[in-house]
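# A closer look at the structure
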Amino acid sequence: MNNKKKSSKGNFISRKQFELLIVCVTMGFIVGYSYNQAKDNRDASASDAELFEQEESYREELIAQQERNKELSEELTALQEKIRKYEKSFVASKKDYTKLVEEAEDLRLLLGDLNAEGKGIRITLQDGDYDPKSANPNDYIVHESHVFKLLNELKISGAQAIAINGQRVLANSYIRCNGPVITIDGKQHPAPFVIEAVGDSATLMASLNLNGGIVDQLVNDNIVVSLEEEQKLLMPKVIVES
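Residues numbered from 1 in each chain as written. Predicted model: local features only at pLDDT ≥ 70, side-chain atom pairs only at ≥ 80, totals over all residues. Heavy atoms only, no water.

## Some words on unusual backbone geometry
- Note that the residue after Ala-191, namely Pro-192, is joined by a cis bond; omega there is 0 degrees.
- Inspection of the secondary structure assignment puts Pro-192 in the loop between β6 (187-190) and β7 (193-198).
- Located in the positive-phi region is Asn-165, a residue other than glycine, with phi close to 50 degrees.
- By the element assignment, Asn-165 lies in the loop between β2 (161-164) and β3 (167-168). (Helix = DSSP H or I, 4+ residues; strand = E, 2+ residues; numbered from the N terminus.)

## Quick notes on helix α2 (residues 144-156)
- Compared with the 18 Å implied by 1.5 Å per residue over 13 residues, the 18 Å span of α2 between its first and last C-alpha is a close match.
- Of all the residues in α2, the buried ones are His-146, Val-147, Leu-150, Leu-151 and Leu-154. Relative to the axis of α2, the buried residues are bounded by an arc of 130 degrees and lie together on one face.
- Backbone geometry just after α2 places Gly-158 at a positive phi near 100 degrees. (Expected span 1.5 Å × (residues − 1). Buried < 20%, exposed > 50% of the residue type's maximum accessible area, 1.4 Å probe, protein only. Arc of directions from axis to C-beta.)

## A word on the pattern of salt bridges
- Taken as a whole and assessed by the stated rule, the structure comprises three salt bridges.
- When the shortest N-O distance is used, the salt bridge between Arg-122 and Glu-230 registers 2.4 Å. Of this pair, Arg-122 sits in strand β1 (residues 116-126) while Glu-230 sits in strand β8 (residues 224-235); the two residues are 108 residues apart in sequence, bridging distant segments of the chain. Like Glu-230, Arg-122 is buried. (Salt bridge = Lys/Arg side-chain N within 4 Å of Asp/Glu carboxyl O.)

## Examining the side chain of Arg-122
- Reaching out from Arg-122, the side chain makes a polar contact with the side chain of Glu-230 at a distance of 2.4 Å.
- Ignoring any residue separated from it by four or fewer positions in sequence, one finds Arg-122 in contact with Val-194, Ile-195, Glu-196, Ser-226, Leu-227, Glu-228, Glu-230 and Leu-233. (Polar contact = N/O pair within 3.5 Å; in protein donor to acceptor, adjacent residues only side chain to side chain. Contact = heavy atoms within 4.5 Å.)

## Describing the confidence of the model for the protein chain
- On average, residues of the protein chain score 79 in pLDDT, and 75% of them are at 70 or above.
- When pLDDT is averaged over each element of the protein chain, β7 comes out on top at 96 and helix α1 (residues 2-111) at the bottom at 69.
- Every residue in residues 1-12 scores below 50 in pLDDT, and together they form zero contacts with partners more than four places removed in sequence or on other chains. (pLDDT = per-residue confidence, 0-100.)

## Comments concerning the sheet that holds strand β5 (residues 181-184)
- Strands sit in the order β4-β5-β6 across an open sheet of three strands; the sheet is antiparallel. Of all strands in the sheet, those with a lone pairing partner are β4 (175-178) and β6, marking the two edges. Going from strand to strand, the sheet's axes swing by 30 degrees on average, the running direction of each strand aside.
- Across the sheet, α2 is in contact with β4 and β5; its angle to β4 comes to roughly 150 degrees. (Pairing = 2+ DSSP bridges. Axes fitted to C-alpha atoms, helices over the stretch in contact; angles between N-to-C directions.)

## Notes on the nonpolar core
- In this structure, Leu-154, Ile-164 and Ile-195 are the most contacted members of the largest nonpolar core, which totals 26 residues.
- Of the residues forming this core, the biggest block, four residues, is contributed by α2.
- Setting aside residues up to four positions removed in sequence, Ile-195 forms contacts with Ile-121, Arg-122, Ile-123, Leu-125, Leu-150, Leu-151, Leu-154, Ile-162, Ala-163 and Ile-164.
- Listed in part, the seven residues of the second largest apolar core include Ala-116, Ala-161, Ala-163 and Met-235. (Core = buried A, V, L, I, M, F, W, Y, C linked by side-chain atoms within 4.5 Å.)

Now the structure itself:
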């Protein structure tokens, strides 16, 4: 009798323990599930926050890059404008330089430092036939004044180089008349005087043949004048004797 009661009591405790175990397991499952859910939510929130921060960082970097591109574009435009100004300045300087070189070449030709070669004209001046009835025979002779007038007209008309009887006439040449001869820089030359000029032959001829020009003046002074165009004249440079 006592044994039977003891056995029922033991079974009742075991059942309560089992039920308690089930409850504990269920509660543990619920707590674990809740914890995992909370953890997942926290991980998801952390991941979203991290993704947002990364996107924000990319956005800021993109904005910074766009600003930098804008600055570089403005800098490129400024540099291109500066290059255009340099190019214009260079072209202007080049034109000025070319003009200066040409002027320097012309001066060297006039100074006799360079050989002169090219088209031009040849003028021959001869004493006129003497008229015995004339009181002064010098009225029929070529004088330095005639030569000077002709040389000045040639220079004004653009002659690049001039020679008289083969001798180069320089910018500072001294010409003097001694009776029937003229002296150029210490060297005497008898008539006729052949004057050659390198330059634009058409311009030179037109300038000399103007009405009332130098040719008419020479003819009026009883000087015999002849003009001819030359396709090629050659004048050696002046060699300075030491």
